[in-house]
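The primary structure of each chain is shown beneath.
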Amino acid sequence: MFKCEKILFPIAFSRDDEATAPFVLSMARRYQAHVVLLHAIQPAPPVYAGMGGVYPEVFDFEGLREDLLIEVRKFAAAQLPKVDVECVVEIGEPAYTISQYACGAGVGLVAMPTHGYGAFRRALLGSVTAKVLHDSTRPVWTDAHAPEPSHRAHPQPRHIICALDMKPDGRHVVEVAVALANDAGATLELVNVPAETASTAVAEHYMQQLLNDVTQAAQLGIQAAAPLAIPAEAGSGSIADGIRDLALRKRADLVVIGRGAIQKGFGRLHSHAYDIIRECPCPVLSV
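Residues numbered from 1 in each chain as written. Predicted model: local features only at pLDDT ≥ 70, side-chain atom pairs only at ≥ 80, totals over all residues. Heavy atoms only, no water.

Novice: Which residues make up the nonpolar core, and what are the values?
Specialist: Core analysis: the largest hydrophobic core is formed by 84 residues, its most contacted members being Ile-7, Leu-188 and Leu-285. With nine residues, the single largest contributor to this core is helix H5 (residues 170–184). Every residue in contact with Ile-7, bar those within four places of it in the chain, is listed here: Val-24, Met-27, Ala-28, Ala-33, His-34, Val-35, Val-36, Leu-109 and Ala-111. (Core = buried A, V, L, I, M, F, W, Y, C linked by side-chain atoms within 4.5 Å. Buried < 20%, exposed > 50% of the residue type's maximum accessible area, 1.4 Å probe, protein only. Helix = DSSP H or I, 4+ residues; strand = E, 2+ residues; numbered from the N terminus. Contact = heavy atoms within 4.5 Å.)

Novice: Which residues make up the packing of helix H3 (residues 94–104) against helix H4 (residues 127–135), and what values do they have?
Specialist: Viewed as axis vectors pointing N to C, H3 and H4 meet at an angle of 35°, and their least axial separation amounts to 9 Å. Here H3 and H4 pass one another in a crossing that is right-handed. Residues Pro-94, Ala-95, Ile-98 and Ser-99 of H3 form the contact with H4, whose participating residues are Val-128, Lys-131, Val-132 and Asp-135. Classifying every residue of the contact of H3 with H4 gives five nonpolar, one polar and two charged. (Axes fitted to C-alpha atoms, helices over the stretch in contact; angles between N-to-C directions. Left-handed = near helix turned anticlockwise from the far one by under 90°. Nonpolar A, V, L, I, M, F, W, Y, C, P; charged D, E, K, R; others polar.)

Novice: Just give me the short version of empty space enclosed by the protein, but keep the residues and values in it.
Specialist: By the definition in use, this model includes one cavity of 30 Å³ or more. The space that makes up the largest cavity amounts to roughly 110 Å³. Lining the largest cavity we find 14 residues, and of these Met-27, Arg-30, Trp-141, Pro-157 and Leu-254 sit closest to its centre. Top contributing element to the lining of the largest cavity by residue count: helix H1 (residues 15–31), with three residues. (1 Å grid on protein atoms, 1.4 Å probe; cavity = no way out; pocket = protein on both sides within 12 Å on 5 of 7 lines; lining within 4 Å. Points joined across faces, edges and corners; volume = space filled by probe spheres on them.)

Novice: Which residues make up the environment of Pro-81, and what are the values?
Specialist: Checked against the element boundaries, Pro-81 lands in the loop between helix H2 (61–79) and strand S5 (85–91). A residue is classified by how much of its surface remains accessible, and Pro-81, at 33% relative accessible area, is partly exposed. On a C-alpha basis, the gap between Pro-81 and Leu-25 in space is 8.0 Å, while along the polypeptide they are 56 residues apart. Not counting residues up to four positions away in its chain, the partners in contact with Pro-81 are Leu-25, Arg-29 and Ala-76.

Novice: Outline H2, listing residues and values.
Specialist: Along an α-helix, a turn takes 3.6 residues, which lines up residues three or four apart on a common side. With 19 residues, H2 should reach 27 Å at 1.5 Å per residue; the first-to-last C-alpha distance of 27 Å fits that figure. For H2, the set of buried residues is Leu-68, Leu-69, Val-72, Phe-75 and Ala-76. Taken down its axis, H2 places every buried residue within 120° of arc, on the same side. Set apart from the buried face of H2 by more than 90 degrees, the exposed residues are Ala-77 and Ala-78. On its buried side, H2 packs onto strand S1 (6–10), H1, strand S2 (34–41) and S5. (Expected span 1.5 Å × (residues − 1). Arc of directions from axis to C-beta.)

Novice: Report on the packing of aromatic side chains, specifying residues and quantitative values.
Specialist: Under the defined criterion, the tally for this structure stands at two aromatic pairs. Relative to Phe-75, the ring of Phe-9 lies with its centre 6.0 Å away and its plane at 65°, an arrangement referred to as edge-to-face. In this pair, Phe-9 sits in strand S1 while Phe-75 sits in helix H2, placing the two residues 66 residues apart along the sequence. The same class applies to Phe-9 as to Phe-75, namely buried. Where Phe-23 meets Trp-141, the ring centres are 5.2 Å apart and the plane angle is 45°; that geometry is what we call tilted. In this pair, Phe-23 is assigned in helix H1 and Trp-141 in strand S7 (residues 140–143), connecting sequence segments 118 residues apart. Overall, Phe-23 belongs to the buried group, its relative accessible area being 9%. (Phe/Tyr/Trp six-rings, centres within 6.5 Å; stacked < 30°, edge-to-face > 60°.)

So this is what it looks like as structure tokens:
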């Protein structure tokens, strides 16, 4: 089941935010969700006085906050009409502020653009987005905003791809994908990324059984394509490339992936998640 009663939408007043807004608007209307528009600003380093840093007395933080709140409200009025929106401005390091707010405010989803373009898209995910993906325990929706000329994702998903790697969180990932497909009236396709030991036949059987179990438990009858497995290839980018090519070929509007602990102390991110998010031609929801 996918619960989305509150969506956190951090903005930086960029064109990427405007491109993300239609997707947030669609989700907010579909789930009748409350949207929190958050702008986090990190002040410039303080003026140092001896060993203790101090900000000039003339710097008016509260005045700055009020000015920025006006801009956030303008964004809400222009981009998120007829939606329940709360506007928030916080002073602090953006990624930390976003993750902390999401954790403590009952947020069900964080929606962020990745700020990657062209050649830079392969090397730069966007430092704030990358940190939020690493630190947050909430589902994170990301959009690279670098669509292929032949493909542009629709805010209301019509075809969803769920990418699995036979890890323990697989059932939860499928449950979220099934719920999203049911809520949006979309078709669903499961794809397995290469595992160290499982054959293609074993992976396809695993996914089909998992899909059957989830849909029967939820008493849903969704339109799902037969699961398939991406052949294992050498190279660190092959998994992301395979999912990217599949998303283009199937004209997917959303890819759902798992984001779990790879090692204790190294955060909540599977080893290929960054690559998938960066390379995917459509939005990615990592749970």
